[in-house]
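Spelled out, the chains give:
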Amino acid sequence: MLRDYYCCCCYGAPSSDSADIADRDPVLLVSGIGGSILHSKKKKFGFQTRVWVRILLADLEFKKKIWSIYNPETGYTESLDDSTEIVVPQDDYGLYAIDILDPSIFVKCLHLSDVYHFHDMIDMLVGCGYKKGTTLFGYGYDFRQSNRIGQLMDGLKQRLETAYKASGGRKVNIISHSMGGLLVSCFISLYGDIFSKYVNKWITIATPFQGAPGCINDSILTGMQFVEGFESYFFVSRWSMHQLVVECPSVYEMLPNPDFNWKKQPEIQVWRKHSNEGETSVVLESYGRYECVTLFEEALKNNELNYDGKTVALPFNFAILKWAAGTREVLTKTQIPKGVSFYNIYGTSFDTPFDVCYGSESSPIDELSEICHTTPEYSYVDGDGTVPSESAMADNFDAVERVGVSGSHRGLLKDENVFQLIKNWLGVSEKTKEHHSKTSKVMDAC
């Protein structure tokens, strides 16, 4: 079988050579949901198989090794295969796991850009003089888990300490993407003193501070598609992803914030068929910020999968919803520590799902459980195609600068305008006038 086996990963150790003494503050790159390589590790023998991301045998390995169920006693999502555990490779000072998400020869030869994650940004930073293991590090993590769970918080703390010590005691500049910004926010809220000790600047890109209404509401109901077009036939299916999503605290934590003052409250709509005394009617039902929970419950009440000959029920998980509400409270309390500079880059100019509609007037939904097997229709707002600009801008922090860039959610990680902003803010570009006041502006793609 075509599999990628890995022995136990080795942590890269910074060199003690005097030539590696840091000449600048180190940078730590923090990925978002789906932005880290995940391995399935045999508990008994230690063999590892890459299960995310992979193009060849993607759906098969995903269902065998990464399908999971939430444990309310621990707060962790645990693999159904209890002989294995999910781990993140730590090679190349944490950069390997967030660089090219399927590093197989097949992908590299075809240069399938959809899985080139932080690759271009890493190249840009190296070109600016950053050195892996001295001034450049990465943090990938098990993105199934809650953004405030101990494993992820401890991992970020260790990576910050490593970067701080490797650079000779220089404070770290964090660059986070997408959900990685929520993870950093949780860390600040829970461990503000540690964050203040180790961090100088935090640059976040495309973070769903108030949620991603259209994408997340639909993900819980019908799944998530990371790769579009022809390449999707070689990737994890939407249905397979759906069966994981309903047991992932991280996804529930990106539901639209019901307490946020949206310009328009997000909705889920369903064209519904009703029968009464032999007469049939079609009604457009709307579910708002609170009513949508009832819809999730009803639509997923019969959701199940077959694993190793056993049927596993996967209804809407109220235990996760309760945990996610706790995470929202943690996020609401986050304040940037004094002395740390915050910068926000958000995406614009792309149609971004906001409201979701299932069925149609001519083809209505009968039972709500049918929704899980239908194709959604969206109403759109401005954003990066995944996160509305309205949400990504609403960090509620005292930002040095807040800039909109015309780009897609993952495309921002390789955008030249984004690179120029980062270089300016890190002070590794040509001398420019520093910004001391809060501003908000939008850049157009060249």
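I will try to describe carefully the structure that is included in this document. (Residues numbered from 1 in each chain as written. Predicted model: local features only at pLDDT ≥ 70, side-chain atom pairs only at ≥ 80, totals over all residues. Heavy atoms only, no water.)

## Quick notes on helix 1 (residues 58-65)
Inference 1: By the burial criterion, the buried members of helix 1 are Ala-58, Asp-59, Glu-61, Phe-62 and Lys-65.
Inference 2: Close packing links the buried residues of helix 1 with strand 3 (38-42), strand 4 (48-52), strand 6 (76-79), strand 7 (84-87) and helix 8 (238-245). (Buried < 20%, exposed > 50% of the residue type's maximum accessible area, 1.4 Å probe, protein only. Helix = DSSP H or I, 4+ residues; strand = E, 2+ residues; numbered from the N terminus. Contact = heavy atoms within 4.5 Å.)

## What about the packing of aromatic side chains?
Inference 1: The tally for this structure, following the rule as stated, stands at 21 aromatic pairs.
Inference 2: Aromatic side chains Phe-260 and Trp-262 sit 4.9 Å apart centroid to centroid with 90° between the ring planes, which places their arrangement in the edge-to-face category. When sorted by exposure, Phe-260 lands in the same class as Trp-262, which is buried.
Inference 3: Of the aromatic side chains, those joined through ring pairs into one cluster are Trp-202, Phe-209, Phe-342 and Phe-397.
Inference 4: The ring of Tyr-130 carries the charged tip of Arg-24 above its face, separated from the ring centre by 4.8 Å.
Inference 5: A cation over an aromatic ring shows up here: Arg-148 above the ring of Trp-323, its NZ or CZ 3.9 Å from the ring centre. (Phe/Tyr/Trp six-rings, centres within 6.5 Å; stacked < 30°, edge-to-face > 60°. Lys NZ or Arg CZ within 6 Å of the ring centre and 35° of its normal.)

## Some words on the nonpolar core
Inference 1: Within the largest apolar cluster, 98 residues are counted, with the highest numbers of intra-cluster contacts made by Trp-52, Leu-160, Ile-174, Phe-195, Trp-202 and Ile-220.
Inference 2: Core analysis: the next-biggest nonpolar cluster, separate from the first, contains 29 residues, Tyr-130, Leu-136, Ala-206 and Ile-422 among them. (Core = buried A, V, L, I, M, F, W, Y, C linked by side-chain atoms within 4.5 Å.)

## So, the environment of Leu-190
Inference 1: When you line up the elements, Leu-190 lands in helix 5 (residues 180-190).
Inference 2: On the accessibility criterion, Leu-190 (40% relative accessible area) is partly exposed.
Inference 3: Considering only alpha carbons, one finds Leu-190 and Val-330, 140 residues apart in sequence, at a separation of 7.6 Å.
Inference 4: Beyond its immediate sequence surroundings of up to four residues, Leu-190 is in contact with Arg-148, Met-153 and Val-330.

## Here we look at helix 7 (residues 213-222)
Inference 1: Helix 7 sits mainly inside the fold: 10 of its 10 residues count as buried.
Inference 2: Listed in full, the buried residues belonging to helix 7 are Pro-213, Gly-214, Cys-215, Ile-216, Asn-217, Asp-218, Ser-219, Ile-220, Leu-221 and Thr-222.
Inference 3: Looking at the buried residues of helix 7, the elements they touch are helix 8, helix 9 (249-252), strand 11 (268-276), helix 10 (291-299), strand 16 (350-358) and strand 17 (377-383).
Inference 4: A positive phi of about 110° marks Gly-223, the residue just after helix 7.

## What about the pairing of strand 15 (residues 341-348)?
Within a regular strand, the side chains alternate between the two sheet faces.
Inference 1: Among the eight residues of strand 15, seven are classified as buried, and the element is accordingly described as predominantly covered.
Inference 2: Examined bridge by bridge, strand 10 (residues 199-205) and strand 15 share five bridges and lie parallel to one another. What sits directly across from Thr-204, in strand 15, is Asn-344.
Inference 3: Pairing of strand 15 with strand 18 (residues 401-406) involves six bridges; the strand directions are parallel. Within strand 18, the position partnered with Ile-345 by the bridge is Val-403. (Pairing = 2+ DSSP bridges.)

## Considerations on the side chain of Ser-185
Inference 1: With respect to the element layout, Ser-185 can be found in helix 5.
Inference 2: A distance of 2.9 Å separates the side chain of Ser-185 from the backbone oxygen of Gly-181, its partner in a polar contact.
Inference 3: Not counting residues up to four positions away in its chain, the partners in contact with Ser-185 are Trp-202, Phe-209, Leu-331, Thr-334 and Phe-397. (Polar contact = N/O pair within 3.5 Å; in protein donor to acceptor, adjacent residues only side chain to side chain.)

## Comments concerning the packing of helix 3 (residues 119-127) against helix 13 (residues 416-426)
The relative placement of two packed helices comes down to the angle between their axes together with the axis-to-axis distance.
Inference 1: At their nearest, the axes of helix 3 and helix 13 sit 11 Å apart, and the two run at 40° to each other. One way to sum up the angle between helix 3 and helix 13 is to call them oblique. Of the two possible hands of crossing, helix 3 and helix 13 adopt the one that is right-handed. The residues of helix 13 that touch helix 3, namely those facing Asp-120, Met-121, Met-124 and Leu-125, are Phe-419, Ile-422, Lys-423 and Leu-426.
Inference 2: Across the contact of helix 3 with helix 13, the residue classes tally to six nonpolar, no polar and two charged. (Axes fitted to C-alpha atoms, helices over the stretch in contact; angles between N-to-C directions. Parallel < 35°, antiparallel > 145°, perpendicular 65-115°, else oblique. Left-handed = near helix turned anticlockwise from the far one by under 90°. Nonpolar A, V, L, I, M, F, W, Y, C, P; charged D, E, K, R; others polar.)

Purely geometric numbers; function is a separate question.
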